[in-house]
Every structure is written in C-alpha cells, then in structure tokens.
Amino acid sequence: MKLPLPSFKIQILLIVLFLLLISTIFTRSFFIDEFKRYRNDINSLELEQKTHNLYHAHQNTLQKQEIEPLLSDIKQIDLATDLFEKEITLYSTFITIFIIVIVFVVFIIFLNMLTRPLSRLQAAIRKVAKGDLSVRVKEAKLSPINDLIISFNKMTDELEASRDKLIQAEKDLMWREMAQVMAHEIKNPLTPLRLSAQRLEQKYYNKSSNFDKVFTDSLEIINEEIDNLQTLVQEFSKFARMPSANYTKYNLNDQIKEIVKPYENQVDVQINLQENMPVFYGDKMQMKQVFVNLIQNALQSIKENGKISITTKYEPSKFIISVEDNGEGIQDEDINKIFRPYFTKREKGTGLGLAIVKRIVSQHNGRIDVKSEKGKGTKFTIVLTYKSINIQNSLDA
Amino acid sequence: MLSALSQKITSLIIAAGSLLLSSVTGTDADFSDVNIVAEDNQIVCYASLTNCYSKDLDKIFLSGQDIKINFTVQTFEQRKKKPIYEKKFYHKIKYDLVDEYFEVFLSEKKDNFITNSLKEAKDKLARIENVETVNLDLLKFGKKYYIKLIATMQPIFFDAIKKNIDLMIYWNNKKATFSSEIFEKSVF
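So, here's what we can say about the structure. (Residues numbered from 1 in each chain as written. Chains lettered and ligands numbered in written order. Predicted model: local features only at pLDDT ≥ 70, side-chain atom pairs only at ≥ 80, totals over all residues. Heavy atoms only, no water.)

1. As for the layout of surface pockets
Residue and element names in this part refer to chain A.
Phase 1: Computed from the structure, the second largest pocket encloses a volume of approximately 340 Å³.
Phase 2: Around the second largest pocket, the lining is made up of 13 residues, and of these I42, N43, L47, I74 and D78 lie nearest the centre.
Phase 3: Mapped by element, the contributors of at least two residues to the lining of the second largest pocket are α1 (8–43), α2 (47–57) and α3 (64–129).
Phase 4: In the lining of the second largest pocket, the residues fall into five nonpolar, three polar and five charged. (1 Å grid on protein atoms, 1.4 Å probe; cavity = no way out; pocket = protein on both sides within 12 Å on 5 of 7 lines; lining within 4 Å. Points joined across faces, edges and corners; volume = space filled by probe spheres on them. Helix = DSSP H or I, 4+ residues; strand = E, 2+ residues; numbered from the N terminus. Nonpolar A, V, L, I, M, F, W, Y, C, P; charged D, E, K, R; others polar.)

This is the structure in structure tokens:
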C-alpha cells in the first residue's frame with residue numbers, strides 16, 4: 001500500500017528538524033567525548049596510587065599528616081570531575097533541546113510567513129481561473145513573496161478593467177448589429193409600400209383606366225408589408241418582454257411527438273425517445289417554442305434528402321434532448337454568434353429564434369450546446385437539470 | 001554583552017531543567033526492620049536504613065570526607081503536632097586515605113567502629129539499635145501514640161575545589177521517614 005506523501009510544508013519541517021537534531025546531537029556528543037577523553041587522560045596519571053606508593057616508600061621520612069591533604073585533594077578533584085561530567089551531560093541535553101525548540105519555532109514562523117501568503121495566492125488563482133476577477137490577495141509586507149502578491153493584484157485589476165471594457169464593447173456591437181438588422185428589416189417593407197403608394201397616386205391623378213386593378217394590387221401589397229412589419233414588431237416584443245415561466249408537470253416525450261406531427265410530411269423526422277422518462281417540470285408553452293424554433297431552424301438549413309433526428313434521454317437529475325439535422329451546417333466563425341439576437345445569415349428572418357431558445361433554456365436552469373460541420377449538418381443538445389418526479393405519482397399536467 | 005546574555009540564558013535553561021531532572025541518579029532511602037520494644041521502662045527502637053547507598057555515594061565515602069547521617073526519633077501523641085519526646089543523633093563515616101580503613105562513629109552510643117570493608121562500614125552506618133524514644137512514665141493510659149523516625153544526610157564541603165555538595169540529591173532530595181502504628185501505653 002502506497003503511503004500518501006506529507007504536504008510540502010511538513011516535508012520541509014521534517015528535513016529541518018532532522019538536520020537540527022543531527023547537528024546538535026553530534027556537537028553535544030563531540031564535546032562530551034572530548035571531556036571524557038580529558039578525564040581518562042587525568043585518570044591514567046594514577047596520582048592517588050603514586051602518592052600511596054611514595055608514602056609507603058618513604059614512610060620513615062614522610063608524615064601521615066603531610067600526605068593526607070594531598071590524597072584528599074586528589075580525591076576531591078576526581079569526585080568533582082565525575083560530578084561535572086554528569087552535569088555537562090545533562091545540561092548540554094537541556095541546552096540542545098532548548099536550541100532545537102527555539103530554532104524550530106523560529107523556522108515555523110518564517111515558513112508560515114512564506115506559505116500562508118502562497119496558499120492565499122493559490123486560492124485566488126483558482127478563483128480567477130473560474131472567472132472571478134474580483135478576488136484580491138491580502139498583502140503580506142513581511143513575506144518574501146509580497147512583490148508577487150502586489151503584481152497579482154495589479155494583474156487582476158487590469159484583467160477586470162479589460163473584461164468590463166470587452167463586455168461593454170460586445171454590448172455596443174450587439175446593439176449596432178441589432179440596429180442594422182432592424183433598419184434593414186424595416187427598410188425592406190418600406191420600399192414596396194412607398195412604390196405602391198406612388199403608383200396609386202399616379203394612377204389616380206392620371207385617371208387611369210385600370211385604376212381599380214392597380215388599387216386592388218397595391219392594397220394587397222400594402223397589407224402584406226404591414227403584416228410583415230407587424231410580425232417583426234411582435235417578435236421583437238416577444239424577445240424583449242419574455243414572460244416568466246409557468247411551470248407544470250407533463251410528459252416531455254408526448255409533447256415532442258405532438259410537435260413533430262405537422263413536419264412529418266415535409267421532411268424525414270426520426271424520433272428516439274427514452275422510454276419511461278420521468279415527468280418533466282417546466283413551462284409547456286415555452287418548451288414548445290424551443291422545439292418548434294429548433295425544428296424550423298433545421299428545416300431552413302436542409303436542402304434535399306433532409307433528415308431531422310430528435311432524441312431524449314434521462315440521466316440522474318438531467319433531461320437531455322438533441323435535435324440534429326443533415327443540413328448545410330454552420331461556419332466555424334459563426335458558431336459563437338448564432339445565439340445572439342438578430343444574428344442571421346438568411347435573407348428572411350429576424351435572427352431571434354435561437355436567442356429565444358437560449359433564453360428559455362436558461363430560464364429552465366439548463367444549457368444548450370451546438371456542434372456543426374459545414375456541409376454535413378448541425379446538432380443542438382439541450383441539457384435541463386431538473387429533478388425528476390415519480391411518474392406513478394404525479395402525471396397531472 | 002553577548003557573552004553575558006548567553007551566560008544568563010544558559011543559566012536560566014539549566015535552572016529550569018534542574019527543576020525537572022538531576023544530573024545524579026538518586027535512590028529512595030527508607031527504613032526497614034523497625035522494631036519498637038520496651039526495655040527498662042524505656043521504649044527503644046531498632047531499625048535499618050535501606051536503599052540509601054549508590055555507586056556515587058560510595059565514591060564520596062572514599063573521598064576521605066566526614067559523611068554524616070542525621071537521625072531524629074520523635075514520639076507523638078495522636079493528633080498532636082508537637083512531639084512529647086525527641087531524640088537527635090548522628091552516624092558518621094570517615095575513610096582514612098593513607099591507611100585505607102573506615103571509621104564509623106555512632107553518636108548515640110559514643111561508639112567508634114573501624115573496618116577495612118566498605119560494606120561493613122555502610123551496614124554499621126545505616127543501623128540504629130537500642131535507641132531510646134520515650135520513657136514509659138511520660139505516656140498516659142487511654143491515650144494513643146506513635147513513633148516517627150527521620151534520616152537525612154548533611155552537606156559536605158570540598159575545600160580543594162571550594163564546592164558545597166548537598167548529599168540529599170543522592171536520596172532524590174527526600175528524607176527517609178517512618179511512622180509506626182498507633183499504640184497505647186498498655187501494649188508495653
């Protein structure tokens with residue numbers, strides 16, 4: 001079984017502790033050994049024995065009282081040395097432990113001064129990677145990495161400012177594009193309206209013989225263009241004032257089967273719906289809009305031998321619905337723009353269909369992804385993260 | 001200045017450490033074979049000090065210094081703090097460095113004992129015999145008493161190296177004590 005490695009901080013502490021122990025123990029042992037060597041040298045002199053021998057050799061001339069103090073001193077020195085050896089062994093241990101503790105504590109303090117700001121920096125970098133540019137790291141003036149922290153904070157300041165500018169620029173671009181499309185869409189019906197009015201005026205003042213026919217034709221054109229303008233206004237209003245969702249429980253598969261029926265005559269529609277899907281909880285009308293818009297989008301991109309595949313699948317807490325076609329596909333450079341309001345490459349169309357789809361999906365706590373290959377087709381995948389409800393209990397849409 | 005500071009710190013560490021540990025390995029001296037009997041209208045006691053010697057102490061005995069063990073025998077009435085009778089005496093051992101023999105002096109008997117054997121000298125030093133504790137006439141019937149024995153070692157001074165040594169460190173700084181069972185005069 002592989003043991004997990006301790007953290008970097010623990011590894012450094014263990015190494016430092018090990019080095020401290022080795023160095024202090026060796027130093028202590030060296031000095032104690034030196035003292036023992038000195039003691040042995042003194043003992044080897046055998047002063048006591050030599051003094052005894054001297055006394056016994058010269059007992060006639062030497063008095064006991066003369067020798068006794070000498071022997072007493074020798075004994076006392078020996079005893080004192082013995083005691084001293086014990087003391088230095090013990091006290092050097094105390095001092096060694098004291099030094100180890102102090103150095104270790106000081107080292108931990110300095111290590112914390114380095115690693116705590118590093119940990120804070122690491123956590124801040126993770127947040128920035130997730131998109132949170134508001135994070136700032138508290139400066140640690142005593143830390144050796146304080147300059148790094150200051151640089152990081154400056155960098156996130158600049159990133160935040162750049163992002164805000166970018167968001168604003170994107171908004172401006174969107175409005176400009178929207179205004180362009182609106183201007184184009186409104187201009188289109190205005191030309192035939194003006195021409196029809198001019199033609200009527202001309203025929204009326206010239207008292208033309210075919211005024212009645214011209215009047216009828218022009219009225220038809222005028223009404224048609226007014227209808228187009230009205231549709232444009234309605235779509236715009238619908239997008240701008242998207243109503244809040246009205247959630248009910250219903251069967252998603254049943255809804256899809258109903259929606260595809262009218263299209264079965266126009267194109268080959270294949271549905272692959274997972275059986276026993278849990279009851280879906282959403283706004284039935286809005287979800288109908290989503291599927292209709294996607295199917296319409298697919299129909300518009302299909303030329304000949306067109307096929308649309310719709311699949312549903314349920315994974316824990318997720319409804320996955322995909323709509324795939326084998327149409328003309330989307331250019332790579334346009335993939336990121338298709339969900340923008342008023343973005344369209346078609347001559348007719350408001351460019352609001354997919355923007356509405358995305359908004360509804362977001363309202364249902366979901367996301368929509370698109371994969372496309374030019375000339376081969378496009379696949380939209382919707383993932384809705386809603387809790388399932390037991391189908392036995394509550395199918396009460 | 002640094003040298004003075006480091007000296008102060010070192011002394012502090014040593015002082016703090018000394019509270020916890022000693023450089024000397026001591027023993028827990030105690031009394032054993034305690035016998036309290038009445039003889040000639042006196043209560044006398046016999047006892048031996050045990051577990052009171054070590055190799056370090058033996059070296060000190062061989063230093064030629066006068067080593068004294070002080071004994072105190074006290075008789076207390078139960079629940080009284082002051083003894084009704086107290087006797088203090090000492091046993092002394094001295095080693096003759098020149099002629100290499102031990103002299104043990106027992107102050108309670110004013111008796112000298114000479115031997116070449118360290119073991120015999122130590123046995124004599126640690127034994128108390130026939131030591132009077134209290135006269136029976138001082139005891140009252142119906143009252144309860146007990147006898148307490150205490151032994152300590154006197155510090156010695158090495159004049160050659162001008163160093164005082166507190167010998168009690170060899171007894172873990174604890175006096176040897178013994179308290180007898182409670183008795184009454186009628187027992188004797």
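Anyway, onward from the coordinates.
2. Considerations on the packing of α3(A) against helix α4 (residues 146–205) of chain A
All names here are of chain A.
Phase 1: Running from N to C, α3 and α4 point in directions that differ by 15°, and their axes come no closer than 11 Å. Considered as vectors, α3 and α4 are oriented roughly parallel to each other. In this structure, the crossing between α3 and α4 has a hand that is left-handed. Counting all contacts with α3, which are made through P117, L121, A124, I125 and V128, the residues of α4 involved are L148, I149, F152 and T156.
Phase 2: Residues that form the contact of α3 with α4 fall into these classes: eight nonpolar, one polar and no charged. (Axes fitted to C-alpha atoms, helices over the stretch in contact; angles between N-to-C directions. Parallel < 35°, antiparallel > 145°, perpendicular 65-115°, else oblique. Left-handed = near helix turned anticlockwise from the far one by under 90°. Contact = heavy atoms within 4.5 Å.)

3. Quick notes on the sheet that holds strand β6 (residues 366–373) of chain A
Residues and elements named next belong to chain A.
Phase 1: Across the sheet, five strands lie side by side as β2-β4-β5-β7-β6; this open sheet has mixed pairing. Whereas interior strands pair on both sides, the edge strands pair on one side only; in this sheet they are β2 (268–273) and β6. Across the sheet, the mean angle separating the axes of adjacent strands is 10° when strand polarity is ignored.
Phase 2: With seven bridges connecting them, strand β5 (residues 318–325) and strand β7 (residues 377–384) associate as antiparallel partners. Residue D325 lies in a different strand from β7, and its bridge partner there is T378.
Phase 3: Where helix α7 (residues 284–301) meets the sheet, it contacts β4 (307–315), β5, β6 and β7, and its direction lies at approximately 170° from that of β7. (Pairing = 2+ DSSP bridges.)

4. What to know about the sheet that holds strand β7 (residues 127–135) of chain B
Residues and elements named next belong to chain B.
Phase 1: The strand order across the open sheet built from three strands is β1-β2-β7, with neighbouring strands paired in antiparallel fashion. The two strands at the open ends of the sheet, each matched to only one other strand, are β1 (30–39) and β7. Pairs of neighbouring strands in the sheet enclose a mean axial angle of 25°, with direction left out of account.
Phase 2: Direction of pairing for β1 relative to strand β2 (residues 42–50): antiparallel, over a ladder of eight bridges. In the strand pairing of β2, D30 is matched with T50.
Phase 3: Here helix α3 (residues 118–126) sits on the sheet and contacts β2 and β7; the angle it forms with β7, its principal contact strand, is near 10°.

5. Here we look at the environment of W171(B)
All names here are of chain B.
Phase 1: Mapped onto the elements, W171 comes out in the loop between β10 (163–165) and β11 (176–179).
Phase 2: C-alpha of W171 to C-alpha of A29: the two residues are 142 residues apart in sequence and 6.0 Å apart in space.
Phase 3: Setting aside chain neighbours within four positions, we find W171 in contact with T27, A29, L49, C52, L57, I69, A151, T152, M153 and A176.

6. Digging into unusual backbone geometry
Phase 1: Positive phi outside glycine occurs at S317(A), with the angle close to 65°.
Phase 2: Residue placement: S317(A) occurs in the loop between β4 and β5.
Phase 3: Judged by its relative accessible area of 38%, S317(A) is partly exposed.
Phase 4: Not every positive phi belongs to a glycine, and N130(B) is a case in point at roughly 55°.
Phase 5: Along the chain, N130(B) falls in strand β7. (Buried < 20%, exposed > 50% of the residue type's maximum accessible area, 1.4 Å probe, protein only.)

7. Some points on the interface of chain A and chain B
Phase 1: Contact residues are listed per partner, giving 22 residues for chain A and 30 residues for chain B.
Phase 2: Interface area for chain A against chain B, summed over the two sides, is near 2,400 Å², with a carbon-plus-sulfur share of 69%.
Phase 3: On inspection of chain A and its partner chain B, the count reaches four salt bridges.
Phase 4: With its nearest N and O atoms 2.7 Å apart, the salt bridge here joins K64(A) to D99(B).
Phase 5: At the boundary of chain A and chain B, one finds seven residue pairs in polar contact (both at pLDDT 80 or more).
Phase 6: Ranked by the residues each element gives to the side of chain A that touches chain B, the list is headed by α3(A), at 20 residues.
Phase 7: Considering only residue class, the side of chain A that touches chain B consists of 12 nonpolar, three polar and seven charged. (Buried area = accessible area lost by both parts, 1.4 Å probe. Salt bridge = Lys/Arg side-chain N within 4 Å of Asp/Glu carboxyl O. Polar contact = N/O pair within 3.5 Å; in protein donor to acceptor, adjacent residues only side chain to side chain.)

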